[in-house]
Amino acid sequence: MVTGVGIDGSWVESHVSSLPWHTSSLMSQQRDLAQRAVDSFLTLVRRGTRLAAGTLAIVTLICLGGLFLGIAALSGGVQTAWMLLGGIGAVVAIGCVLLAMFRLWAITSLSTALVLDIQNLISNDPGAERVVIETVESSDGVQDQSAVVMSRQFFAMSDSVGVRAGQFVALSLALKSITSFPLLMLLATAITVGFAGLSGLFLLGLIF
């Protein structure tokens, strides 16, 4: 009776029954955290897609406009070289934006798998759980800023997954899409700025 059980075994019963409750509560918390993280992913997807769509219109207008202005302003071998180099530049700039948009769109089809991947990640690694919490909190803190700024909040989570990418395929793909978004947009913007500068020179050449 001192060590034990109680007259009707109620102490053991209540203690044992508390274990699955505790486990269920922990799993519920992890599932809620995983869902919040996925919601942050999807918020970024929506904002990033809108940004990329506007960028695509500008990039297409300036790059193609600059390409055709150069063809009109130049002649001979220089014109041929410009058609080749300018065409490649325009394709790369437009392609970067389209690739960024496609990668973001792909995340929307991974939402269920993302919840499972994140839940498995945080259940097996307390350190990763802290990173996920910090990522969600920092992402919530920059809701009023651009999609590029929001995407930077996910770099720590990407580092946390690291070499375990093969275990979390959906999460790895989503993180790759998000962390590559700023680079793709930056490359497209840099090429577009170059086209804008050359377009001014070509326009002056046509006028004078």
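From a predicted model like this one, the values you see are computed outputs, not experimental measurements. Within any chain, residue numbers begin from 1 and follow the written order of that chain's sequence. Since the coordinates come from a predicted model, pLDDT governs what is reported: local features require at least 70, and pairs of side-chain atoms require 80 or more to be given and counted, while whole-chain, interface and lining totals use all residues. For side-chain calculations, the full set of non-hydrogen atoms in the structure is used, while hydrogens and water are omitted.

1. A closer look at the overall build of the chain
Only DSSP runs of H or I with at least four residues qualify as helices, and only runs of E with at least two residues qualify as strands; both kinds are numbered from the N terminus onward. The secondary structure content of the chain amounts to 7 helices and 0 strands. Partly exposed describes any residue whose relative accessible area lies between the buried limit of under 20% and the exposed limit of over 50%, with all areas from a 1.4 Å probe on protein chains only and scaled to the type maximum. Relative to its 208 residues, the chain shows a buried fraction of 38%. Excluding contacts between residues fewer than 6 apart, the proportion of contacts in the chain whose partners are at least 24 apart in sequence is 80%. Looking at the chain as shown, the accessible area adds up to about 11500 Å², and 68% of this sits on carbon and sulfur atoms. Here, residues are in contact when the closest pair of their heavy atoms is within 4.5 Å. All accessibility values rest on the Shrake-Rupley procedure with a 1.4 Å probe; residue burial counts only the protein chains present in the view.

2. A word on the nonpolar core
Nonpolar side chains tend toward joint burial in soluble globular proteins. Only buried residues count toward a nonpolar core, which is a set of Ala, Val, Leu, Ile, Met, Phe, Trp, Tyr and Cys residues joined through side-chain atoms within 4.5 Å. In terms of nonpolar packing, the biggest core is built from 54 residues, with Phe41, Ile107, Ile118 and Leu171 touching the most fellow members. Elements supplying a minimum of two residues to this core: α1 (10-73), α2 (76-108), α3 (111-124), α4 (126-141), α5 (147-151), α6 (155-161) and α7 (169-207). It is α1 that provides the largest number of residues to this core, a total of 13 residues. The residues contacting phenylalanine 41, other than those within four sequence positions of it, are Ile107, Ile118, Phe154, Met157, Leu171, Ala174, Leu175 and Ile178.

3. Some remarks on the confidence of the model for the chain
Residues at a pLDDT of 70 or more form 87% of the chain, whose mean pLDDT is 85. When pLDDT is averaged over each element of the chain, α2 comes out on top at 96 and α5 at the bottom at 80. Within the model, pLDDT remains below 50 along residues 1-19, and this stretch shows 7 contacts once partners closer than five positions in the same chain are excluded. pLDDT: the predictor's confidence for each residue, scored from 0 to 100.

4. Notes on the packing of aromatic side chains
Here the aromatic set is Phe, Tyr and Trp, taking the six-membered ring for Trp, and pairing holds for ring centres within 6.5 Å; pairs whose planes are under 30 degrees apart are stacked, those over 60 apart are edge-to-face, and all others are tilted. Following the criterion strictly, the structure yields 3 aromatic pairs and no others. Pairing tryptophan 82 with phenylalanine 202 gives two aromatic rings, centres 5.1 Å apart and planes at 65 degrees, and the pair type is edge-to-face. With tryptophan 82 in helix α2 and phenylalanine 202 in helix α7, the pair connects residues that are 120 residues apart, well separated along the chain. By relative accessible area, which is 10% here, phenylalanine 202 ends up buried. An aromatic cluster is defined as three or more aromatic residues linked by ring pairs; in this entry it consists of Trp82, Phe195 and Phe202.

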